[in-house]
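One letter stands for each residue in the lines below.
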Amino acid sequence: MKKAIFPGSFDPITLGHEDIIKRALPLFDEIVIAIGVNAEKKYMFSLDDRKRFIEETFQNEPKVSVITYEGLTIDLCQKINADFILRGLRNPADFEFEKAIAHTNRKLSKIETVFLLTAARTSYISSSIVRDVIRNHGDYKLLVPESVRVKLHK
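Residues numbered from 1 in each chain as written. Predicted model: local features only at pLDDT ≥ 70, side-chain atom pairs only at ≥ 80, totals over all residues. Heavy atoms only, no water.

Participant: Explain the nonpolar core here, please?
Facilitator: The nonpolar side chains of a soluble globular protein tend to be buried, and buried together. Core analysis: the biggest nonpolar cluster contains 27 residues, and Ile33, Ile54 and Leu86 have the highest contact counts within it. Secondary structure elements with two or more residues in this core: β1 (3-8), α1 (15-24), β2 (30-36), α2 (47-57), β3 (64-69) and α5 (127-135). When residues no more than four places from it in sequence are discounted, the contact partners of isoleucine 54 are Phe10, Ile13, Ile33, Ile35 and Val66. Of all hydrophobic cores here, the second largest spans ten residues; its members include Val32, Leu76, Ala82 and Ile111. (Core = buried A, V, L, I, M, F, W, Y, C linked by side-chain atoms within 4.5 Å. Buried < 20%, exposed > 50% of the residue type's maximum accessible area, 1.4 Å probe, protein only. Helix = DSSP H or I, 4+ residues; strand = E, 2+ residues; numbered from the N terminus. Contact = heavy atoms within 4.5 Å.)

Here's what the structure looks like:
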């Protein structure tokens with residue numbers, strides 16, 4: 001069974017994240033979206049909200065599950081028997097950053113990282129851009145899945 005972890009803070013999940021996950025579905029038997037918790041970081045959305053956004057976005061996809069975790073992603077991989085880490089790449093800077101992490105993870109654990117390039121239509125979207133648009137009362141609706149739009153529309 002091919003199981004991948006897609007780690008991130010997902011603050012919030014974006015259409016770019018959703019695209020990567022949907023395109024990865026044929027590659028894996030299971031994709032575990034792992035929301036990393038970092039006590040040092042300030043989040044716009046609560047952990048419960050972030051988890052709910054993802055669960056609602058993928059509620060009809062049995063191959064996708066959502067968990068939260070602290071610590072190293074490779075430790076989580078070993079704990080839940082995942083052999084792959086899934087990452088999306090938007091630009092060359094993402095590649096350089098993610099490449100260093102992937103090499104380290106493989107050296108420490110033999111876990112492979114699988115990179116998917118973001119679709120051209122979502123390559124400019126990042127959670128930090130979405131947060132900035134929301135904070136400044138911009139039109140974020142074209143950047144996030146329906147689950148996030150519903151929460152913010154209330």
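Participant: Is there a simple way to explain the sheet that holds β2 in this structure?
Facilitator: Sheets are built from strands paired through backbone hydrogen bonds, the pairs being either parallel or antiparallel. In space, the five strands of this open sheet follow the order β3-β2-β1-β4-β5, with parallel pairing throughout. Single-partner strands in this sheet number two, and they are β3 and β5 (112-117). Mean inter-strand twist for the sheet, computed between neighbouring axes without regard to direction, equals 30°. With six bridges joining them, β1 and β2 adopt parallel strand pairing. Looking across to β2, one finds that proline 7 is bridged to alanine 34. (Pairing = 2+ DSSP bridges. Axes fitted to C-alpha atoms, helices over the stretch in contact; angles between N-to-C directions.)

Participant: How should I be thinking about the pattern of salt bridges in this particular structure?
Facilitator: For side chains bearing opposite charge, pairing can occur when the charged atoms are close. Applying the stated criterion to the full structure yields 14 salt bridges. Three or more residues joined by partner-sharing salt bridges are found here, namely Asp19, Arg23 and Arg121. (Salt bridge = Lys/Arg side-chain N within 4 Å of Asp/Glu carboxyl O.)

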